[in-house]
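Chain and residue survey
Residues per chain, in single letters:
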Amino acid sequence: MKHYRMQDLTVRELQEYLKTNQTVILPYALCEQHGFHLPLDTDIRNAEFCSKALAEKLGCIVAPTLSYTFSGGMLQGTINVKPNTFSNLVGEIIESLVLQGFRNIIILPGHGGSESLLHLKESLRILKWLNPALRETLILVTQIWDFSPTFTRMFDEQDYHASDAETSLMLHWCPEVVRPEIFTDVPEVAERLRKDPDSYQLRESFTDLKQEVIQTSQRSDVKVGVMGYPERACAETGRIIEAEFVENASATIIKAIADAEEARKTGKRIIHEDNDHLKIRSV
């Protein structure tokens, strides 16, 4: 492709694109604490570099990156947007894309926060429920780590945030932004964050009643926020993660788009009777 970024196209070029291809990648991420060795826009770079590589493999375009979502971190430089605000904005972006003629929306998160992901998926499910114009739209939330065995293995090895995987990806894509000296929190805090990456949160309540809405903040002993082993990072690991993601995600997406197109023609859908049983029937 001459241009893979949607914003680089003219109106006429986009109109010609849509005649043969109705797929677009929508990346999102945010500025967020990533220790003292990685820049605040690490997640944005995750989303943009992976989107570019995936777009080249799929032969599709990439919408402008949405650079605001929810982190929960509270160190300087982290810009939090409430999950409902973020989810509503993504929904409106999708509605606008569909109105233009897009039918396959590939959402690519550069940030893995469970709060924003859970809220986004449920919000989009309800959006499709309430907006009949989206019935024929395929929406996929395509997380990098879901399609890279190397990335997944690092999770199993207690390596999560601003650590081996993310540092390796930065060394692969843009080594000039990685600071040479590695810092972590004091040993007991660093080990706690490896065992439970959500332990950066302090959760308080007045009572032990399940009905109470608890107060959440970042623990004051978290000064750096690294959750894992960034000292293990190398550019080759980053290259492997990117290659695994592009190969596995592209194969999955190509099949999903083909399946969706067939379903649009035949009217068949997968009916979710319950959590454990799937059945295909015409509706």
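Here's a quick rundown of the structure. (Residues numbered from 1 in each chain as written. Predicted model: local features only at pLDDT ≥ 70, side-chain atom pairs only at ≥ 80, totals over all residues. Heavy atoms only, no water.)

Brief notes about the environment of Val141
To keep it simple, the criterion reads: A run of DSSP states H or I qualifies as a helix once it reaches four residues; a run of E qualifies as a strand once it reaches two. Both are numbered from the N-terminal end. Any two residues whose heavy atoms approach within 4.5 Å at even a single point are treated as in contact.
Its location among the elements puts Val141 in strand 4 (residues 138-141). The sequence separation of Val141 and Ile106 amounts to 35 residues, and the corresponding C-alpha distance is 6.2 Å. The residues contacting Val141, other than those within four sequence positions of it, are Ile107, Pro109, Leu117 and Lys121.

Overview of unusual backbone geometry
Threshold: The rule is simple: take the accessible area with a 1.4 Å probe, protein chains only, and divide by the maximum for that residue type; under 20% is buried, over 50% is exposed, in between is partly exposed.
For Gln158, which is not a glycine, the phi torsion comes out positive at approximately 65°. Among the secondary structure elements, Gln158 is positioned in the loop between helix 5 (149-156) and helix 6 (164-173). Located in the positive-phi region is Ala162, a residue other than glycine, with phi close to 55°. Residue position: Ala162 is located in the loop between helix 5 and helix 6. Relative accessible area serves as the criterion here: at 0%, Ala162 is assigned to the buried category.

Regarding helix 7 (residues 187-195)
Given 3.6 residues to a turn, an α-helix orients residues that are three or four positions apart in the same direction. Basically, it comes down to this: Read the arc as the range of directions from the helix axis to the C-beta atoms.
Every buried residue belonging to helix 7 is among Val189, Ala190, Leu193 and Arg194, and all of these are buried. Take helix 7 and look down its axis: the buried residues cluster within an arc of 140°, on one side only. Exposed residues pointing more than 90 degrees away from the buried face of helix 7 are listed as Pro187, Glu188 and Lys195.

Topic: the pattern of salt bridges
Operational definition: Put simply, a salt bridge is a Lys or Arg side-chain nitrogen that is within 4 Å of an Asp or Glu carboxyl oxygen.
By the definition in use, this model includes 15 salt bridges. Among the salt bridges present, the one from Glu157 reaches Arg153, with a minimum N-O distance of 3.3 Å. Judged by relative accessible area, which is 36%, Glu157 ranks as partly exposed. In this structure, Lys255 engages Asp259 in a salt bridge whose closest nitrogen and oxygen atoms are separated by 2.8 Å. Of this pair, Lys255 and Asp259 both sit in helix 8 (residues 235-266), four residues apart, which is roughly one turn of the helix.

Here we look at the packing of aromatic side chains
Test applied: Two rings from Phe, Tyr or Trp (for Trp, the six-membered ring) form a pair when their centres are within 6.5 Å of each other. A pair whose planes differ by under 30 degrees is stacked, one over 60 is edge-to-face, and the rest are tilted.
Inspection of every chain in the model, using the stated rule, returns eight aromatic pairs. Between Tyr28 and Phe86, the ring centres sit 4.7 Å apart and the planes meet at 55°, which makes this aromatic pair tilted. One end of the pair, Tyr28, is in strand 1 (residues 23-28); the other, Phe86, is in helix 3 (residues 83-100), and 58 residues separate them in sequence. Pair check on accessibility: Tyr28 and Phe86 agree, each one buried. Between Phe49 and Trp173, the aromatic rings sit 4.9 Å apart at their centres with planes inclined by 10°, giving stacked as the arrangement. Of this pair, Phe49 sits in helix 2 (residues 42-58) while Trp173 sits in helix 6, and the two are 124 residues apart along the sequence. For Phe49, a relative accessible area of 29% translates into the label partly exposed. Using a relative accessible area of 14% as the deciding quantity, one classes Trp173 as buried. An aromatic cluster is defined as three or more aromatic residues linked by ring pairs; in this entry it consists of Trp145, Phe151, Phe155 and Tyr160.

Function cannot be read off these values alone, since they describe shape.
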